[in-house]
Amino acid sequence: MTAIVLDGAAVARDIYAQLKERVAALSQMDVRPGLAAVHAGDNPASKIYLRNKVKACNAAGIHSELHPLAADCQPGVLLATLEKLNRNPRVHGILVQLPLPSHLDTALVAKAVAPEKDVDGLTWHNVGALIAGHPLFEPCTPGAVITLLERAGIAIEGREAVVVGRSAIVGKPMALMLTSRGATVTVCHSKTMDLGRHTRRADILVAAAGRPRLITADMVMPGAAVIDVGINRVAGQGITGDVDFARVREVAGWITPVPGGVGPMTVAMVIANTVRAAERSAAARAA
Ligand code: NAD
């Protein structure tokens, strides 16, 4: 079997085309969706991700603005920036590029961004709402995985799903979102014994460990959907995922490439959430 390759870049382009129609409808009400990105420090990978997000804003016709902060900025400076953006009516979505410099606690951001502008879905308010089943926004990377599965017509309800990774931004919300859609979910992590014993049971396998080629062909059930969230920079090999793509594609039913799979879709989810935030704000104004 050779797997169907899920082209995240193509699905993302399709999403931007659909968003343009919603952006045009908002402009009839004099509303232009706006995304503000805050970047503390000068992490080169973060700069590339932010450049992609600005390009995506342009593709969807939405306003974007970048707020760079010094690598050694004080927590108060970050908080003041977020408070200002929370109050700015032109800004509907706020994105804080992670990771933050080590002296800044991610919890600051998780508590300070206004929930209605939290297009990344990572504030504690939205995480709690996700657990309760009523999120204002679903976190973007797990949202990208769900959208790729749904667009490919891959059933989630009733399926065995295995998530490798339990981080607050990917693994944990991924497990919640698969559970809420009716999958039976196993979460594996760095302390899991015999990872393959779990992954081999998966109809849907999501790899989000940040370990190059952790998932090998013998760890995959024939016909499974294998979604690779990992982005690993390996010297001499460029960017690779967590899945041994060349071999696993011979076993799986569906597979995402890295790059070109979950990455571009994550960006599309940020933009889609920003448009949704602007629609909610316009509806509240009109009410
Ligand atoms: P993280 O380091 O916070 O978490 C990694 C998780 O993997 C941990 O829970 C850890 O227990 C688990 N893990 C590590 N080694 C393991 C092993 N050998 N076996 C099983 N589990 C193991 O990372 P993160 O922020 O969740 O990101 C994970 C990966 O996804 C990274 O490569 C990151 O760059 C990538 N990522 C991609 C996108 C995207 O848009 N495509 C977005 C966010 C993160």
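How each quantity is defined
Residues numbered from 1 in each chain as written. Predicted model: local features only at pLDDT ≥ 70, side-chain atom pairs only at ≥ 80, totals over all residues. Heavy atoms only, no water. Salt bridge = Lys/Arg side-chain N within 4 Å of Asp/Glu carboxyl O. Helix = DSSP H or I, 4+ residues; strand = E, 2+ residues; numbered from the N terminus. Disulfide = S-S within 2.5 Å. Buried < 20%, exposed > 50% of the residue type's maximum accessible area, 1.4 Å probe, protein only. Near = heavy atom within 4 Å. Polar contact = N/O pair within 3.5 Å; in protein donor to acceptor, adjacent residues only side chain to side chain. Areas by Shrake-Rupley, 256 points an atom, 1.4 Å probe, with all protein chains shown as cover.

Side note on the pattern of salt bridges
At step 1: For the coordinates displayed, the defined rule picks out seven salt bridges.
At step 2: The partner of R22 in a salt bridge is E279, with the nearest N and O atoms 2.8 Å apart. You can see R22 sitting in helix α1 (residues 8–27) and its partner E279 sitting in helix α10 (residues 262–286), a full 257 residues away along the chain.
At step 3: The salt bridge partner of D244 is R247, with a shortest N-O separation of 3.6 Å.

Remarks on the state of the cysteines
At step 1: As enumerated under the stated definition, the model contains zero disulfides in all.
At step 2: For the unlinked cysteine C57, the closest cysteine sulfur is that of C140, found at 12 Å.
At step 3: Classification of C57 by relative accessible area gives buried; the value is 0%.

Notes on the site of the ligand
At step 1: Surveying the vicinity of the ligand reveals 22 residues, the closest of which are R166, S167, S190, I231 and T266.
At step 2: Note that a nitrogen atom of the ligand is positioned 3.3 Å from one of the side-chain N or O atoms of R211.
At step 3: Taking I231, its main chain carries an N or O atom lying 3.0 Å from an oxygen atom of the ligand.
At step 4: Contact with the protein chains hides 73% of the accessible area of the ligand, taken as 850 Å² for the molecule alone.
At step 5: Tallying contributions element by element places α10 first for the shell around the ligand, with three residues.

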